[in-house]
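One-letter residues, chain by chain:
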Amino acid sequence: QVQLVESGGGLVQAGDSLKLSCAASERPINTLIMAWFRQAPGKERDFVAGTWMNWMNPNTYFADSVKGRFSISKDIAKNTVYLQMGSLKPEDTAVYYCAADGTVMDKARAQNYAYWGQGTQVTVSS
């Protein structure tokens, strides 16, 4: 089992920035594919961003809707992955989930991830 705990959600205004955290336990994050998904009420759980290691180099993958606005970083000592969200829009409002797995072929498919956090609410007002 990999335990994931998200934090950092909140209520912000359009154009603001927000940083989400995903703290992992039991396995180092550099051995995992780490991803962020989001889900609004009545909608599918959609891929936001993912990161994984190719040797010492991080690979990142972003949904088109957040490219140029969101970024991923990590703190290895804290075994934590961050999602830095900027230029937030009301359309970004959702519960944001951290996900992880050891091997994922299609990294944008939620069903491919075995481990999930509880989610953190992000609300962007207009």
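Our structure's up above, just so we're on the same page.
Residues numbered from 1 in each chain as written. Predicted model: local features only at pLDDT ≥ 70, side-chain atom pairs only at ≥ 80, totals over all residues. Heavy atoms only, no water.

Caption draft 1: Region of interest: the pattern of salt bridges. One pass over the structure, following the stated rule, counts three salt bridges. We note a salt bridge from Asp-92 to Arg-38, for which the minimum N-O separation is 2.9 Å. Here Asp-92, found in the loop between β8 (80-85) and β9 (94-101), pairs with Arg-38, found in strand β4 (residues 33-39); they are 54 residues apart in sequence, far enough to count as distant. Asp-92 sits in the buried class, given a relative accessible area of 2%. (Salt bridge = Lys/Arg side-chain N within 4 Å of Asp/Glu carboxyl O. Helix = DSSP H or I, 4+ residues; strand = E, 2+ residues; numbered from the N terminus. Buried < 20%, exposed > 50% of the residue type's maximum accessible area, 1.4 Å probe, protein only.)

Caption draft 2: Quick look at the pairing of strand β1 (residues 3-7). Where burial is concerned, the two faces of β1 differ: the one with Leu-4 and Glu-6 is buried and the one with Gln-3, Val-5 and Ser-7 is not. The pairing of β1 with strand β3 (residues 18-25) spans five bridges and is antiparallel. By the bridge assignment for β3, Gln-3 is matched with Ser-25. (Pairing = 2+ DSSP bridges.)

Caption draft 3: Quick peek at unusual backbone geometry. A positive phi angle, near 80°, is found at Glu-26, a position not held by glycine. Positioned with a positive phi, Asn-79 is a non-glycine residue whose angle comes to about 50°. With respect to the helices, strands and loops of the structure, Asn-79 is situated in the loop between β7 (70-75) and β8. By relative accessible area, Asn-79 is classed as buried at 14%.

Caption draft 4: Looking closely at the nonpolar core. Grouped together as the largest cluster of nonpolar side chains are 39 residues, with contacts concentrated most on Leu-4, Met-34, Trp-36, Phe-70, Leu-83, Met-85 and Tyr-96. Mapped by element, the contributors of at least two residues to this core are β3, β4, β5 (45-54), β7, β8, β9 and β11 (120-125). (Core = buried A, V, L, I, M, F, W, Y, C linked by side-chain atoms within 4.5 Å.)

Caption draft 5: Spatial organisation of the side chain of Arg-38. Note on Arg-38: relative accessible area 12%, which makes it buried. Apart from residues no more than four positions distant in its own chain, Arg-38 is found in contact with Glu-44, Arg-45, Asp-46, Val-48, Ser-65, Val-66, Phe-70, Glu-91, Asp-92, Ala-94, Val-95 and Tyr-96. (Contact = heavy atoms within 4.5 Å.)

Caption draft 6: View of the side chain of Glu-6. Looking at the secondary structure, you find Glu-6 in strand β1. One buried charged residue, Glu-6, remains without a salt bridge, the closest side chain of opposite sign being Arg-45 at 7.5 Å. Of the polar contacts made by the side chain of Glu-6, one reaches the backbone nitrogen of Cys-98; its length is 2.6 Å. At 2.8 Å, the side chain of Glu-6 and the backbone nitrogen of Gln-118 are in polar contact. Among residues more than four places away in sequence, those in contact with Glu-6 are Ser-21, Cys-22, Trp-36, Tyr-96, Tyr-97, Cys-98, Gly-117, Gln-118, Gly-119 and Thr-120. (Lys, Arg positive; Asp, Glu negative; His and termini not counted. Polar contact = N/O pair within 3.5 Å; in protein donor to acceptor, adjacent residues only side chain to side chain.)

Caption draft 7: Local environment of the sheet that holds β7. Spatial ordering of the open sheet is given by β1-β3-β8-β7, a layout of four strands whose pairing is antiparallel. Each of the sheet's edge strands pairs with one partner strand only, and the pair in question is β1 and β7. Strand-to-strand twist of the sheet, defined as the mean angle between neighbouring strand axes without regard to direction, takes the value 20°. As paired elements, β3 and β8 share six bridges and run antiparallel to each other. Along β8, the bridge assignment pairs Leu-20 with Leu-83. (Axes fitted to C-alpha atoms, helices over the stretch in contact; angles between N-to-C directions.)

By themselves, these figures tell us nothing about what the structure is for.
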